[in-house]
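What follows is each chain in one-letter form.
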Amino acid sequence: MIVARPLAAALAICLSFATAALAQPKPEHGDEVYQPSVGQAGKDVIWVPTPDSLVTQMLQAAKTTKDDLVFDLGSGDGKIPIAAAKQYGAKSVGIEYNPDMAELARRNAKRAGVDNLVTIITGDIFKEDFTRATVVTMYLLPDLNLKLRPIILKMKPGTRVTSHQFHMGDWDPDESFTQEYRNAYLWIVPAEVAGEWQIREESGGFQGTLSLSQRYQKVGGTLTLPNGKPQPLLGASLRGDKLWFSFVDGENNLRTGTVTVAGAKLFGDLSLSGRTTNVTGARK
Ligand SMILES: C[S@@+](CC[C@H](N)C(=O)[O-])C[C@H]1O[C@@H](n2cnc3c(N)ncnc32)[C@H](O)[C@@H]1O
């Protein structure tokens, strides 16, 4: 028994080492040879990762859900696509030019257990198609954001775009937020609403011509009544494909339209003193 005790202790130590070794995530092939360094050169911009807390806040601001398809443009080690998958259950895609970085991101996604949701494309953000995305994230540079802006503005209205640090030129963000002294911004791709719309209540009551001018998500205009009198819109706003506008009608009543824009048509409600009726519209 006296001899058995140290033997048992030695066995227990060996066993705990073996268990600890098994519990450690096995380094994937490649990690030993590829260790990126913050600030390393990239095709159009260097690699600097977004801090974890800001990644979460950017995805939160974009109201990411499991039904989203998130694209990170210039995805580095894959932390944003991985967070979108892990925290929100969203399918996500990273586009990364550096093939070593892209491979590292794939290994990271596997280690995080979300390689079923995360795809990393080795490619150039200016060549790959990301227009299927419902959420776009980026940490690039002001001129790169501007270069991407025309593509983004053609994407489906309501697509959320969030950028760490950099703006989108004269397209003001819909929201701004700060985390750990870093700024980030959110834009919602606006529907194209500029022009003239013939609107009518489905009940056959009210009808008029809505004339809208637009700069990105900022809208204004007039509502011309059947008597030909243009009434200024007293308030108008656009968020994605949702448009709100108020005007005073021929009987001096305030009416408010809450409509969804779908291409050359719109549909929704027109309210008057708490009474709501269906309204439809079409481009003139
Ligand atoms: C500032 S880092 C951001 C990484 C990651 N999105 C994040 O926020 O943690 C920019 C990344 O874009 C990559 N990159 C630079 N130019 C690119 C291009 N034209 N196409 C794809 N990736 C690019 C760089 O290699 C780098 O990994």
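The shown structure was predicted, so the numbers you read here are calculated from the model rather than taken from an experiment.

Remarks on the overall build of the chain
Then step 1. The number of helices and strands found in the chain is 5 helices and 16 strands.
Then step 2. A buried classification covers 43% of the 284 residues belonging to the chain.
Then step 3. Of all intrachain contacts in the chain linking residues separated by at least 6 positions in sequence, the fraction that spans at least 24 positions is 50%.

So, the pattern of salt bridges
Then step 1. Going through the model one piece at a time under the given rule, you end up with 14 salt bridges.
Then step 2. In this structure, the salt-bridge partner of Asp68 is Arg160, at a minimum N-O distance of 2.8 Å. Of this pair, Asp68 sits in the loop between helix 2 (52-61) and strand 1 (69-73) while Arg160 is found in strand 5 (residues 160-164), placing the two residues 92 residues apart along the sequence.
Then step 3. Taken together, the salt bridges that share partners define one network made up of Lys43, Asp44 and Asp124.

Quick notes on the sheet that holds strand 3 (residues 118-122)
Then step 1. Spatial ordering of the open sheet is given by 3-2-1-4-5-7-6, a layout of 7 strands whose pairing is mixed. Among the strands making up the open sheet, the edge pair consists of strand 3 and strand 6 (175-179). Pairs of neighbouring strands in the sheet enclose a mean axial angle of 20 degrees, with direction left out of account.
Then step 2. Relative to strand 5, strand 4 (residues 135-138) runs parallel, the two sharing 4 bridges. Bridged to Met138 within strand 5 is Ser163.

Section: the packing of helix 2 against helix 3 (residues 79-88)
Then step 1. Axis separation between helix 2 and helix 3 bottoms out at 10 Å; the angle between their running directions is 65 degrees. Of the two elements, helix 2 crosses helix 3, and the hand of that crossing is right-handed. Along its contact with helix 2, which presents Asp52, Val55, Thr56, Leu59 and Gln60, the element helix 3 presents Lys79, Ile80, Ala83, Ala84, Gln87 and Tyr88.

Quick look at the confidence of the model for the chain
Then step 1. Averaged over every residue, the pLDDT of the chain is 91; residues scoring 70 or more account for 89%.
Then step 2. Summarising per-element confidence for the chain, the mean pLDDT is lowest in helix 1 (residues 4-23) (45) and highest in strand 1 (99).
Then step 3. A low-confidence stretch, residues 1-23 stays under pLDDT 50, and its non-local contacts, those more than four residues away or across chains, total 0 contacts.

With respect to the packing of aromatic side chains
Then step 1. Evaluated as defined, the whole model comprises 6 aromatic pairs.
Then step 2. Relative to Trp187, the ring of Trp171 lies with its centre 6.1 Å away and its plane at 50 degrees, an arrangement referred to as tilted. Of this pair, Trp171 sits in the loop between strand 5 and strand 6 while Trp187 sits in strand 7 (residues 182-188), and the two are 16 residues apart along the sequence. For the residue pair Trp171 and Trp187, the accessibility class agrees, reading buried in each case.

About the criteria used
- Residues numbered from 1 in each chain as written.
- Predicted model: local features only at pLDDT ≥ 70, side-chain atom pairs only at ≥ 80, totals over all residues.
- Heavy atoms only, no water.
- Helix = DSSP H or I, 4+ residues; strand = E, 2+ residues; numbered from the N terminus.
- Buried < 20%, exposed > 50% of the residue type's maximum accessible area, 1.4 Å probe, protein only.
- Contact = heavy atoms within 4.5 Å.
- Salt bridge = Lys/Arg side-chain N within 4 Å of Asp/Glu carboxyl O.
- Pairing = 2+ DSSP bridges.
- Axes fitted to C-alpha atoms, helices over the stretch in contact; angles between N-to-C directions.
- Left-handed = near helix turned anticlockwise from the far one by under 90°.
- pLDDT = per-residue confidence, 0-100.
- Phe/Tyr/Trp six-rings, centres within 6.5 Å; stacked < 30°, edge-to-face > 60°.

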